Amino acid sequence: MRSEKKKKRTWLRVTGIIVLLLVIGIGGYAFSVYKSLTNAVDTMHQPIDRKSDKRTEEVSLQNKQPFSVLLLGVDQRKGDKGRSDTMIVLTVNPKLNSVKMLSIPRDTRTEIIGKGTMDKINHAYAFGNEEMSMNTVENFLDIPIDYYIKVNMEGFKDIVDAVGGITVNNDIDFTQDKYHFPKGQVTLDGKKALAFTRMRHEDPRGDFGRQLRQREIIQGVLREGASLSSLTKYQSIFTALGNNVRTNLTFDQMMDIQKNYRGAAGKVDQMSIKGNGTKINGIYYYIVDDAEKQRLHDELKAQLEVK
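Residues numbered from 1 in each chain as written. Predicted model: local features only at pLDDT ≥ 70, side-chain atom pairs only at ≥ 80, totals over all residues. Heavy atoms only, no water.

Considering the overall build of the protein chain
Worth spelling out the cut-off: For helices the rule is a DSSP run of H or I covering at least 4 residues; for strands it is a run of E covering at least 2, with both sets numbered from the N terminus onward. Note on classification: 1.4 Å probe, protein chains only; a residue is buried when its accessible area is under 20% of the maximum for its type, exposed when over 50%, partly exposed between these limits. We call two residues contacting when some pair of their heavy atoms lies within 4.5 Å. Accessible surface is estimated by sampling points in the Shrake-Rupley manner with a 1.4 Å probe; for residues, cover comes only from the protein chains shown.
Counting its secondary structure elements, the protein chain contains 8 helices and 14 strands. Expressed as a percentage of its 307 residues, the buried residues of the protein chain come to 45%. Residue pairs in contact within the protein chain that sit at least 24 positions apart in sequence constitute 65% of those at least 6 positions apart. Only carbon and sulfur atoms are counted for the fraction: they give 53% of the accessible area of the protein chain, which is about 16,900 Å².

In structure tokens:
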């Protein structure tokens, strides 16, 4: 009898020790993930001294108010600040559980706010960084632009490699930078993903086809980054993000978005801008008329629930 009780106590101790080690291990892992995340976000955080003219009060993420983000893909190389070849406006509404994603053609002719000239919209970044880009897009669409996320496209390949590569749907057969991309599902590593987004001349849709491929890449990274398999790759993912992404979102704001808006990620409505290409003084521009700008404004204004 005593022997059986002793065995039970021994097993209880062993079980207790195993549970304790598991708790310590999981706690240590969670702390390691949290520490790597906060370090990456600290590196990514790049505040700007700017207030939107389209809002009377700053948007509250804690109160689940709709918000907008300007995503800038900048082809940044040594000795060259680069231009924002990718400009995507995301408007997020937690009540509707939806995101509207609008790609702005880089050759769109508009007023560059702060420069006082009419030029291609992607030149705003070269003239005045993120702030001028936000102000120019805000004026073009006549909606508030609350946040920005800037991605160094040259280093974007590191992010793709960090999540273990991505799979995209390719709707046109083409070759770019010596890589062949057949029609259908294609698996890409970082270098192939960069080539995939850069092709424009072989696509009869021009910049619009390029925008579709950029969206495929972004959504592919988000899918892989959200998968359970990415938990084992968190250090390389956070390092790649810290090296190549800058944003005015703080850590707390990112946590509020994750907590209050994650349901919206399941419904992404992709919008497009209709216009006509033309040359002015020998330079190609994409011209968007007032009626089209009003259509875009009305749809995005409703999404953001602004007056």
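A closer look at the nonpolar core
Formally: Remark: nonpolar core denotes a set of buried residues (Ala, Val, Leu, Ile, Met, Phe, Trp, Tyr, Cys) joined through side-chain atoms within 4.5 Å.
Membership of the largest hydrophobic core comes to 44 residues, with the highest contact counts inside it found for F67, F156, I166, L188 and I217. With residues near it in sequence (within four places) discarded, F156 still touches V151, I217 and V221. Core analysis: the second largest hydrophobic core is formed by 24 residues, V89, L102, M134 and F140 among them.

So, the pattern of salt bridges
So the rule is basically this: By definition, a salt bridge exists where a carboxyl oxygen of Asp or Glu is found within 4 Å of a side-chain nitrogen of Lys or Arg.
Tallied over the entire structure, the rule returns 11 salt bridges. In this structure, the salt-bridge partner of R55 is D146, at a minimum N-O distance of 2.6 Å. Taken together, the residues R55 in the loop between α1 (2-44) and β1 (67-74) and D146 in the loop between α2 (123-141) and β6 (147-152) connect sequence positions 91 residues apart. In this pair, the class of R55 matches that of D146, namely buried. Across the pair E299 and R295 runs a salt bridge whose closest N-O atoms are separated by 3.8 Å.

With respect to the packing of aromatic side chains
Spelled out, the test is: Only centres within 6.5 Å qualify two rings of Phe, Tyr or Trp (six-membered ring in Trp) as a pair; their planes then separate them into stacked at under 30 degrees, edge-to-face at over 60, and tilted for everything else. Charges are assigned to positions over rings by a cutoff of 6 Å between ring centre and Lys NZ or Arg CZ, combined with an angular limit of 35 degrees from the ring normal.
Applying the stated rule across the entire model yields 6 aromatic pairs. Here F67 and Y147 contribute two aromatic rings whose centre-to-centre distance is 5.9 Å and whose plane-to-plane angle is 70°, an arrangement assigned as edge-to-face. In this pair, F67 sits in strand β1 while Y147 sits in strand β6, placing the two residues 80 residues apart along the sequence. The rings of F174, Y179, F181 and F196 are connected pair by pair, giving a single aromatic cluster. Across from the ring centre of Y285, 5.2 Å away, lies the NZ or CZ of R109, which sits over that ring.

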